[in-house]
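# Observations on the model geometry
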Amino acid sequence: MIKVLKTGLYSSIQDLGRPEFQIYGVPVSGVMDAYSAKMANILLGNNATDAVLEMTMTGAVLQFKANTLLSISGANLNPKLNDSAIRMHTVISANTDDILTFGQTTKGLRSYLAVAGGFQTKVIMGSRSMCRSVTAQTTLKLNDELKIVEYNPYETGKNASVKFNNDHFESSRIDVFEGPEFDALNHDQKEKLLNSEFSISKENNRMAYQLEQVLENKLEPIITSSVLPGTVQLTPSGKLIILMRDAQTTGGYPRILQLKETALNVLSQKYTGDNLKFNLIPYQ
Amino acid sequence: MNDVLNFKKALQNKYAKQKVYINSAYCSILISYDTTINNIYDRISDIKRQYSKEFGHDKSTYNLWRIPVCYDDYFALDLDELSEVKKCDKSEIIRRHCEAVYTVYFIGFLPGFLYLGGLHKNLHMPRKAKPRLNLLGGAVGIGGQQTGIYPHDGPGGWNIIGNSPVDLFKADQDKPCFAKAGDRVQFYKVTLEEHQKIKALEATGFYKLESEVIDD
């Protein structure tokens, strides 16, 4: 078990979500940056589908009530185990009563903590991902007790770490495909969309990232259609909204672009004020 | 509608052995793959070819669900206004709302929110200029040409004419919503007392919604 001594800004248990429940109007949900989360899991020999703790900008303070192995990937929130700094992207052993502290981010936005065997919190509709209006709890609460499996490693002192590709944080390139309504845009609008630099507005969360700049348009709303994480919607007022993992399953704004899965991971590490540029993967 | 559902079924057969999630809306289909696709544009033309071919018109079974609604003034926040605007007795509005057999086009917007088609023309009413911030879960409303039930407490801009005691979204169940795209829905009027009784029964998990199988 792990006890929550401090929650951090926005911390939640996430796995790869519940895509099969979109037919019931349930958000896909799941880790925002699947690349980093999978990295943390794989380092421990976990399944990619195991649940991890996602922390945003400011991390949690946690106390272990069992022995386990842990690994941390994604944003660097300056993790410390019992007040000594620990490395990212490697396997660390933690013992009962150890205290794991996270601070402010120095690189990236979302950090992932994995433990051996994965977090064992409640499964709702095939997933442990916390999500508003689906699970009772949306974020960690003070004094929560998160179930984990006791793990006593035979050998300790493993020292290997993996090199994390820093492009993941630094690249401003967001790979996209044409969305279903892309061709409703005129030539100038397409040019502007694909050749300008955009920045992320302060409206950014697990549901959607809104961009600061507008793309003027007179597009009609569409008949309500499916949307999914990575869909870029264009509103009548010209706002560009990039839907993220907790987005609703249908929408009525034209869907002009669709992010590549890897681009969603890159975007998830960006926040207010960061720049991005769409890179269209051409029709071959 | 049938075209969408039949093609969805054909795709489900095609992908029976793969981990693929297929969802439909009014006139679109979304296919989510669990695996990486090497060339998305090849895949799109493959699916377009499949669509241009004849695809099976399998007999699918759908249900007609009878959903209780309490139209009492206690819940029906906008029924008086609707009655005035439409120059139509409240009882007549309720009769029309209960008379129609609605088609479930799909579930979206919120978990368990049914997109229903078939609202009587005289009941069409624009959404409220200012949405309410705190609607009660189960609120039955009219928004434009649509009617529907808000599954949870929350904000909403539709004109509220009643409340259903039925829980539309049970997160702890494998099948969290009773209805699926293609099913039908009909409302029937219950009193405030009956609403409370059903609500209590629903909370214990023993309430069973009336339904019948229909052929399509």
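Note that the coordinates shown come from a computational prediction; the quantities given were computed from them, not determined experimentally.

Core analysis: the largest hydrophobic core is formed by 119 residues, its most contacted members being A:Ala40, A:Val52, A:Ile242, A:Leu259 and B:Leu114. When residues of this core are assigned to their parent elements, the largest contribution, 6 residues, is made by helix α1 (residues 34–43) of chain A. Filtering out sequence-adjacent residues up to four positions away, A:Val52 remains in contact with A:Gln14, A:Val31, A:Ala37, A:Ala40, A:Asn41, A:Tyr112, A:Leu113, A:Ala114 and A:Phe119.

Residues and elements named next belong to chain A. The residue glycine 126 is located in the loop between β10 (107–115) and β11 (145–146) in this model. A tally of 15 C-beta atoms within 10 Å means that glycine 126 is categorised as partly exposed. Taking the C-alpha atoms as reference points, glycine 126 and threonine 262, 136 residues apart in sequence, are found 23 Å from one another. If sequence neighbours within four positions are ignored, glycine 126 has contacts with Arg18 and Glu20.

Residue and element names in this part refer to chain A. If you check the domain split of chain A, you get domain 1 (2–167) and domain 2 (171–280). Placing a centre on the C-alpha atoms of domain 1 and another on those of domain 2 gives a separation of 28 Å. Each partner contributes residues to the interface: domain 1 has 18 residues there, and domain 2 has 16 residues. When contributions to the side of domain 1 that touches domain 2 are tallied by element, the ones reaching two or more residues are α1 and β10. Looking at the side of domain 1 that touches domain 2 element by element, the count peaks at 3 residues for β10. Considered class by class, the residues forming the side of domain 1 that touches domain 2 number 8 nonpolar, 6 polar and 4 charged.

This part is about the sheet that holds strand β1 (residues 2–6) of chain A. Residue and element names in this part refer to chain A. Strand order in this open sheet of 6 strands is β7-β6-β9-β4-β1-β11, and the pairing throughout is antiparallel. In the strand order of this sheet, the two ends are held by β7 (84–85) and β11, each with one partner. Direction of pairing for β1 relative to β11: antiparallel, over a ladder of 2 bridges. Paired with isoleucine 2 across the bridge in β11 is leucine 146.

The next thing to look at is unusual backbone geometry. Residues and elements named next belong to chain A. Located in the positive-phi region is serine 29, a residue other than glycine, with phi close to 55°. Here serine 29 shows up in the loop between β2 (10–14) and α1. Note on serine 29: 30 C-beta atoms within 10 Å, which makes it buried.

Another point: the pairing of strand β8 (residues 146–149) of chain B. When a strand is regular, its side chains alternate between the sheet's two faces. In the sheet, strand β7 (residues 139–143) of chain B pairs with β8(B) via 4 bridges, with the strands oriented antiparallel. Bridge pairing in β8(B) links B:Gly141 to B:Gly148.

Right, let's get into the sheet that holds β10(A). All names here are of chain A. The 5 strands are arranged β2-β3-β10-β5-β8 in an open sheet whose pairing can be described as antiparallel. Each of the sheet's edge strands pairs with one partner strand only, and the pair in question is β2 and β8 (92–94). Between one strand axis and the next, the sheet turns by 30° as a mean value, whatever way the strands run. Across 4 bridges, strand β3 (residues 52–56) lies against β10 in antiparallel orientation. Paired with methionine 55 across the two strands is serine 111, which belongs to β10. Relative to the sheet, α1 contacts β3, β5 (68–76) and β10, its axis offset from that of β5 by approximately 155°.

Calculation notes
Residues numbered from 1 in each chain as written. Chains lettered and ligands numbered in written order. Predicted model: local features only at pLDDT ≥ 70, side-chain atom pairs only at ≥ 80, totals over all residues. Core = buried A, V, L, I, M, F, W, Y, C linked by C-beta atoms within 7 Å. Buried ≥ 20, exposed ≤ 12 C-beta atoms within 10 Å, placed from the backbone. Helix = DSSP H or I, 4+ residues; strand = E, 2+ residues; numbered from the N terminus. Contact = placed C-beta atoms within 7 Å. Domains from an automatic or database assignment. Nonpolar A, V, L, I, M, F, W, Y, C, P; charged D, E, K, R; others polar. Pairing = 2+ DSSP bridges. Axes fitted to C-alpha atoms, helices over the stretch in contact; angles between N-to-C directions.

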